[in-house]
Amino acid sequence: MIRTLVVDDDFRVSGIHCDYVSRVRGFEVVGQAATVAEALAAVRDLHPDLLLLDIFLPDGSGLDVLRRLSGDEGGNRPDAIMITADRDITSVRIAMKLGAVGYLVKPFGAPDLAERLTAYRELQHRMDALGTVPETDQADVDALFSAARPPAVPRVPAKGHSAPTLALLHQTLRGAHDALSAAEAAERTGVSRATAQRYLSYLVKEGMVRLELRYGATGRPEHLYRITH
């Protein structure tokens, strides 16, 4: 499980984000913090793997948290995805320089955050898989950098489809080791089976997902979906 600390000064927003995180397979919320001081103490005591980090905090900035953690040479520093209403390009640049692995502008919905978290989870899986390899090649490096970014999704009709939900399902298949049924994809993303089936069919039509049939002893074949690239 990827241990996640949510840092936001608004307890209601923090609770909502905790709920969003809990819906994504492979993640658990280990704590919440509302200030720079609380965040630094929680990192020290709880040892999270990932911070969901707001910039606007009562006693400073989430960027201050990154700066302090960057200067701490003891232990492993957690990764951070900035979760903020700050749209200033200077803040974005500073966050990137300080090592933030993502930047999500408020307000956003559960699929938007799940898309980032799923991409982050796949990056960790790829890093773990390469952890025992003494050297890597360019293809492996490209795959790591690609995994850190949510995938591009096709243009969708003005009505009937949501771009974040499409991206979420596409990323879920991208991170799966095997082909998934619509029911399995629905369980992993938190959408209904009917919604997953509709979006997966659209991704098949767009050529981004491949439909496979699994034949059992009796009855109709099971439809499975696998990423094409």
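Each remark here, short or long, concerns the structure printed above.
Scoring rules and cut-offs
In every chain, residue numbers begin from 1 and rise along the written sequence. Owing to the predicted nature of the model, reporting of local features is limited to residues with pLDDT of at least 70; listing and counting of side-chain atom pairs is limited to 80 or more, with chain, interface and lining totals taken over all residues. The side-chain quantities take in all heavy atoms of the structure and omit both hydrogens and water. Numbering of helices and strands runs from the N terminus; a helix is a DSSP stretch of H or I covering at least four residues, while a strand is a stretch of E covering at least two. Working rule for contacts: check all heavy atoms of both residues, and any pair within 4.5 Å makes them a contact. Counting of polar contacts relies on pairs of N or O atoms within 3.5 Å, with two restrictions inside protein: one atom must be capable of donating a hydrogen and the other of accepting it, and residues adjacent in sequence are counted only when both atoms are side-chain atoms. Summary of the burial criterion: residues with accessible area below 20% of their type's maximum are buried, those above 50% are exposed, and those between are partly exposed, where the area comes from a 1.4 Å probe applied to protein chains only. Counted as positive: Lys and Arg. Counted as negative: Asp and Glu, with His and the chain ends omitted from the count. Criterion for a salt bridge: a side-chain nitrogen of Lys or Arg within 4 Å of a carboxyl oxygen of Asp or Glu. Note on aromatic pairs: the rings of Phe, Tyr and Trp (six-membered ring only in Trp) are paired at centre separations within 6.5 Å, and the planes decide the class, stacked below 30 degrees, edge-to-face beyond 60, tilted for the rest. Here the arc refers to the directions that run from the helix axis out to each C-beta atom.

Novice: Looking at this structure, how should I read the environment of R210?
Specialist: Among the structural elements, R210 can be located in strand 8 (residues 209-214). Put simply, R210 and Y225 are 15 residues apart on the chain and 5.7 Å apart in space, counted from C-alpha to C-alpha. Residues within four places of R210 in sequence aside, it is in contact with L224, Y225, R226, I227 and T228. At 3.1 Å, the side chain of R210 and the side chain of E212 are in polar contact.

Novice: Mind showing me how you'd approach the side chain of R121 here?
Specialist: Tracing the chain through its elements places R121 in helix 5 (residues 110-130). No salt bridge is formed by the buried R121; the nearest opposite charge belongs to E122, separated by 7.2 Å. Here the side chain of R121 touches R25 through a polar contact of 2.7 Å, landing on its backbone oxygen. When near neighbours in sequence (up to four residues on either side) are disregarded, R121 contacts I2, V24, R25 and F27.

Novice: Help me out: how do you make sense of the packing of aromatic side chains in this one?
Specialist: Two aromatic rings, taken as a pair, are described by how far apart their centres are and by the angle between their planes. Summed over the entire model, instances satisfying the criterion amount to one aromatic pair. With a centroid separation of 6.5 Å and 55° between ring planes, the pair formed by Y20 and F108 is classed as tilted. Here Y20, found in helix 1 (residues 11-22), pairs with F108, found in the loop between strand 7 (102-105) and helix 5; they are 88 residues apart in sequence, far enough to count as distant. Each member of the pair, Y20 as well as F108, is classed as buried.

Novice: Explanation requested: helix 3 (residues 62-70) in the structure shown.
Specialist: Along an α-helix, residues three or four apart share an orientation, since each turn contains 3.6 residues. Along helix 3, the residues that are buried comprise G62, L63, V65, L66 and L69. Along the long axis of helix 3, the arc covered by the buried residues comes to 155°, so they all point the same way. Looking at the packing, one finds that the buried side of helix 3 touches helix 2 (36-46), strand 3 (50-53), strand 4 (56-57), strand 5 (60-61), strand 6 (79-84) and helix 4 (89-97). At the N-terminal end of helix 3, a side-chain oxygen is found 2.9 Å from the backbone nitrogen of L63, two or three residues along, and the residue is S61.

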